[in-house]
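In case you want the letters, here they are:
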Amino acid sequence: MCDQKKFKITTINIFLLLIMLGSSSGCSRGESNVTTGNRNGILHFGNGTDPQELDPHIVTGIPEHHILTALLEGLVAKDPKTLEPIPGVAKEWRISKDKKIYTFTIRDDALWSNGDPLTAHDFVWSWWRALQPKLGNQYAYMLFPIRNSEAYTKGKIIDFSQVGVKALDDLTLVVTLENPTPYFLQLLDHYSMFPLHRATIEKFGKAHERGTLWTRPGNYVGNGPFTLKEWHLFKSIDVVKNPYYWDAKNVSLNGIKFHPIENVTTEERMFRLGQLHKTASIPIDKVQVYKTNKPHLLHTYPYLGNYFYRFNTKLPHLSDKRVRRALAMSIDRKQLTTSVTKGGETPAYTFTPPNTLGYNAKDGFSFDPAKARALMSEAGYPKGEGFPVTQLLYNTSEGHRKIAVAIQQMWKMHLGVDIVLSNQDWKVYLDSVNNGNYAIARAGWIGDYVDPNTFLDMWISKGGNNRTGWSDSRYDDLISKQAPVALDKVERYSIMADAEAILLEDMPVLPIYIYNSKSLVHPSLKGLQPNILDYVLYKNLTLDPALSKEKVN
Amino acid sequence: MFHFISSRFFQSIPVLLIVITATFFLVRAAPGGPFSAEKSVPPEVVKALEAQYRLDQSIWQQYTSYLVDLSRGELGPSFRYPGRTVNELIAAGLPVTAELAFYALLVAVFFGVSAGVYAGLKPNTIHDYLPMSVAMIGICMPSFLIGPLLVLLFGIELEWLPVSGWGSTPGDKILPTLTLGLGYAAFIARLSRGGIIEVMTQDYIRTAKAKGLPSRVIVLKHALRGGLIPVVAFLGPAFAGLLSGSFVVETIFQIPGLGRFYVQAAFNRDYTMILGTTVFFSALIVLFNLLSDIIAVWLNPKLRQQYRSNK
């Protein structure tokens, strides 16, 4: 009896140990993803969060953008170095003299990933779908420069033929705009403008139906350099080279594996062990370590986005622009970016990031505590006396907290004002800011396209993203009336700069710094070009197996 | 026994109904909806989305139609993942989380019971203090500390084991299993130590000793059965806890399980996903509590007697 029991216990012990150690066949670590990937031409791409969907008319995020640009292609693409438009599905285009009519010639070798020919009619249908109100496309506004598209999606026009998009024949697409929109070509490689394969979508449901099965592997038909092979929920998305892509001969990669990794620390560890060629981001506290020890792995570049605070101008003490300016002028942004954020961010003295496709606004203010104190005295708060205790709201995050604490101290030191910090969960914070339940609130803005308009049209009086209560009729006039009809870039940029000067003078928003994109890149990945959109043209990328063993840990 | 099981089963229905109702109204009372975003969403788009997810109906209509769907086993479409139903998402994440929880439980029971019995047989000696101090440290150390420490040592420094994934590279299941299991092992060690100490003072053990049985037989045959009752009672809730509490470990090790999405759903205000996972986990907890009660009754002759006489 005793022996039998002993035998049982020993068996259980052995069983447990086997499970522990051999749960996935042994203890030794196999070949790294980078080594295997370099040999097989598979790029391992860290991609932030799990994609919501792969329907370009439904999604809203950057991880989705990374996958969709591999699966689909718009009329034009971008040169990753200059961000100027380069031919995509359209091999060429003509722009009318009044800059309102664009005629695109579709290349005759453009095919869908199932071999079907891609025609101008596909674009007309796809843009019709993008504008269907029932679909709930949050990026429908990207199409609004097209004549009558806004009226159509809002139900003011029922007949789609009045919308400015026509297929003259299979290979000619004519787009008529509401106003000359110099950045129109920039919009065309946004996923909301990509063509979709009508027969596939209609096979799995109605055109305006959300979440049908057309986006699943095996069903998905695209026109990009890659095609969807596998989609393991929460684990990876695999795309493989599309042999029908018109420029397939110039696509060097055989495939890409997108890894959704939400935790940046985990992502950095995976990179160090050769599991990724490129990360989506990098933990803030590691930036300096890489800068000092392995600068060749760290890729940072200014990004088309900014970090700022909104003022609620409806509050009596914040309705005074002298107070807002004083608060802006007493933040030492250089110190903030070098000692607090430490990620190589650029201090911001304008709202639009400098050099947005050649646009540079004049600095609206500088760090000048003495002048700030004088402004506060003028406004009736000498040395901060009588200034109400003001709340600074941010969405819960350690990074935002650190910045808020530093700014709170700078304001106390330079102006003598008391600020209390308050943090809220993301959705609660959004609710508070939307409803004006805040005094000063942290915010960030990423441009939708490379043009100052994406940073400036949000501050017009009725702008849904304004949320500060600020309004200025001169500003509205410059942005909504004058800029859209300006005929050349110089004139338009000068109108934009005038508008931005008004914004910075009145300061309903307080710019803090310009974001930068930060990622780790394995030396074997070649062809990445730094740019302010962090835009990747996959067909330019190559993998060098000779560099697989480069030390990254 | 049948009476016991069926009465516990029927008790669990109102419990689940209360959980569903409370969760349903709480998530809707939370500020910020599933479609609020940093970039403002045009009102006509919000309207279209709300209609699609029945949010344009009155809250009572939404509640009753949710219950009707639930009675059919349908948890509804996810708000965060428009192309997926909550059933599908749970089905994708559950096998991974269940596997992780199962291995972690094995680790916890093996290390916990061994250490606890070892300590409990020689109470208040160094054989007791040493494992129990280690266990105390284990209970105090959260998995978000143990995990990165194990990763640093075995993954980054020694380069023995992978630091992420589940079943994609050899050996990638070891570190997450240990991270999740060790905290529970420490808890089980303390429970089984207490159980063994108590049982060893019982009359029937003294009788066994008096009869001259070897101590190994006394421990394995007589003491363990009684001494491990507290451990068994703990196993049900522990397994449910491992399943629903694997969030941290899944995040650290990039494991495609359910725990991560349970927490993310709350941040995203993914109403159906929050409800679906809560209902699912509540049902699991109720089920595992029931199972551990049944095993406890089966193991403990005193309780068995009680139920028999109650009948």
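Preceding this section is the structure that the text describes.
Residues numbered from 1 in each chain as written. Chains lettered and ligands numbered in written order. Predicted model: local features only at pLDDT ≥ 70, side-chain atom pairs only at ≥ 80, totals over all residues. Heavy atoms only, no water.

Draft legend 1. Up close: the side chain of Asn516 of chain A. Residue and element names in this part refer to chain A. Along the chain, the position of Asn516 falls in strand 16 (residues 509-520). Exposure remark for Asn516: the relative accessible area of 9% places this residue in the buried category. Polar side-chain contacts of Asn516 include one of 2.7 Å to the backbone oxygen of Gly343. Polar contacts involving the side chain of Asn516 include one to the main-chain carbonyl oxygen of Gly344, which spans 3.1 Å. When residues no more than four places from it in sequence are discounted, the contact partners of Asn516 are Thr300, Tyr301, Pro302, Tyr303, Gly343, Gly344 and Glu345. (Helix = DSSP H or I, 4+ residues; strand = E, 2+ residues; numbered from the N terminus. Buried < 20%, exposed > 50% of the residue type's maximum accessible area, 1.4 Å probe, protein only. Polar contact = N/O pair within 3.5 Å; in protein donor to acceptor, adjacent residues only side chain to side chain. Contact = heavy atoms within 4.5 Å.)

Draft legend 2. Focus on the sheet that holds strand 8 (residues 226-232) of chain A. Residue and element names in this part refer to chain A. Spatially, the four strands line up as an open sheet ordered 1-10-9-8, and their pairing is mixed. In the strand order of this sheet, the two ends are held by strand 1 (42-46) and strand 8, each with one partner. On average, each strand axis in the sheet is tilted by 20° relative to the strand beside it, whichever way the strands run. (Pairing = 2+ DSSP bridges. Axes fitted to C-alpha atoms, helices over the stretch in contact; angles between N-to-C directions.)

Draft legend 3. Representation of the packing of helix 11 (residues 333-341) of chain A against helix 13 (residues 398-415) of chain A. All names here are of chain A. Running from N to C, helix 11 and helix 13 cross one another at 140°; their axes reach a closest spacing of 10 Å. One finds that helix 11 runs oblique with respect to helix 13. For the crossing formed where helix 11 meets helix 13, the hand is right-handed. For the pair helix 11 and helix 13, the contacting residues are Gln335, Leu336, Val340 and Thr341 in the first and Lys402, Ile403, Ala406, Ile407 and Met410 in the second. (Parallel < 35°, antiparallel > 145°, perpendicular 65-115°, else oblique. Left-handed = near helix turned anticlockwise from the far one by under 90°.)

Draft legend 4. Region of interest: the nonpolar core. In this structure, Leu75, Phe104, Trp127, Leu173, Phe184 and Ile256 of chain A are the most contacted members of the largest nonpolar core, which totals 149 residues. The biggest single contributor to this core is helix 4 (residues 86-121) of chain B, with 13 residues. Not counting residues up to four positions away in its chain, the partners in contact with Phe104 of chain A are Leu75, Ala90, Glu92, Trp93, Leu171, Thr172, Leu173, Val175, Phe184, Leu185 and Leu188 of chain A. Val323, Phe365, Tyr381 and Leu392 of chain A belong to the second-largest nonpolar core, a separate cluster that totals 40 residues. (Core = buried A, V, L, I, M, F, W, Y, C linked by side-chain atoms within 4.5 Å.)

Draft legend 5. The arrangement of the environment of Thr266 of chain A in detail. Secondary-structure assignment places Thr266 of chain A in helix 8 (residues 264-272). Sequence separation between Thr266 of chain A and Asp159 of chain A is 107 residues; the distance between their C-alpha atoms is 51 Å. Apart from the residues lying within four places of it in its own chain, the contact partners of Thr266 of chain A are Ile261 of chain A together with Ser164, Thr251, Ile252 and Gln254 of chain B. A distance of 3.3 Å separates the side chain of Thr266 of chain A from the backbone oxygen of Thr251 of chain B, its partner in a polar contact.

Draft legend 6. Focus on the packing of aromatic side chains. Applying the stated criterion across every chain yields a total of 51 aromatic pairs over all chains. Here the aromatic rings of Tyr102 of chain A and Phe104 of chain A are separated by 6.2 Å at their centres, their planes lie at 20°, and the arrangement is stacked. For the residue pair Tyr102 of chain A and Phe104 of chain A, the accessibility class agrees, reading buried in each case. Among the aromatic residues, those joined into a cluster by ring pairs are Phe24, Phe25, Trp60, Tyr63 and Tyr66 of chain B. Positioned above the aromatic ring of Tyr81 of chain B is the side chain of Arg80 of chain B, whose terminal nitrogen or guanidinium carbon lies 4.9 Å from the ring centre. (Phe/Tyr/Trp six-rings, centres within 6.5 Å; stacked < 30°, edge-to-face > 60°. Lys NZ or Arg CZ within 6 Å of the ring centre and 35° of its normal.)

Draft legend 7. Representation of the interface of chain A and chain B within the structure. Counting residues at the interface gives 67 residues for chain A, matched by 64 residues for chain B. Carbon and sulfur atoms supply 59% of the area that chain A and chain B bury against each other, a total of about 5,800 Å² over both sides. At the surface where chain A touches chain B, the tally comes to three salt bridges. Ionic pairing is found between Asp448 of chain A and Lys39 of chain B, a salt bridge with its closest N-O pair at 2.6 Å. (Buried area = accessible area lost by both parts, 1.4 Å probe. Salt bridge = Lys/Arg side-chain N within 4 Å of Asp/Glu carboxyl O.)

Draft legend 8. The sheet that holds strand 14 (residues 419-424) of chain A, seen in detail. Residues and elements named next belong to chain A. Strand order in this open sheet of six strands is 12-16-11-15-13-14, and the pairing throughout is mixed. Two strands in the sheet have a free side with no partner beyond their single neighbour: strand 12 (346-347) and strand 14. Sheet topology note: the strand 11 (residues 298-311)/strand 15 (residues 440-446) ladder contains seven bridges and is antiparallel. Paired with Arg310 across the strands is Ala441, a residue of strand 15. Its contacts with the sheet place helix 14 (residues 426-434) against strand 11, strand 13 (390-395), strand 14 and strand 15, and it is angled at close to 135° to strand 13.

Geometry only, nothing functional implied.
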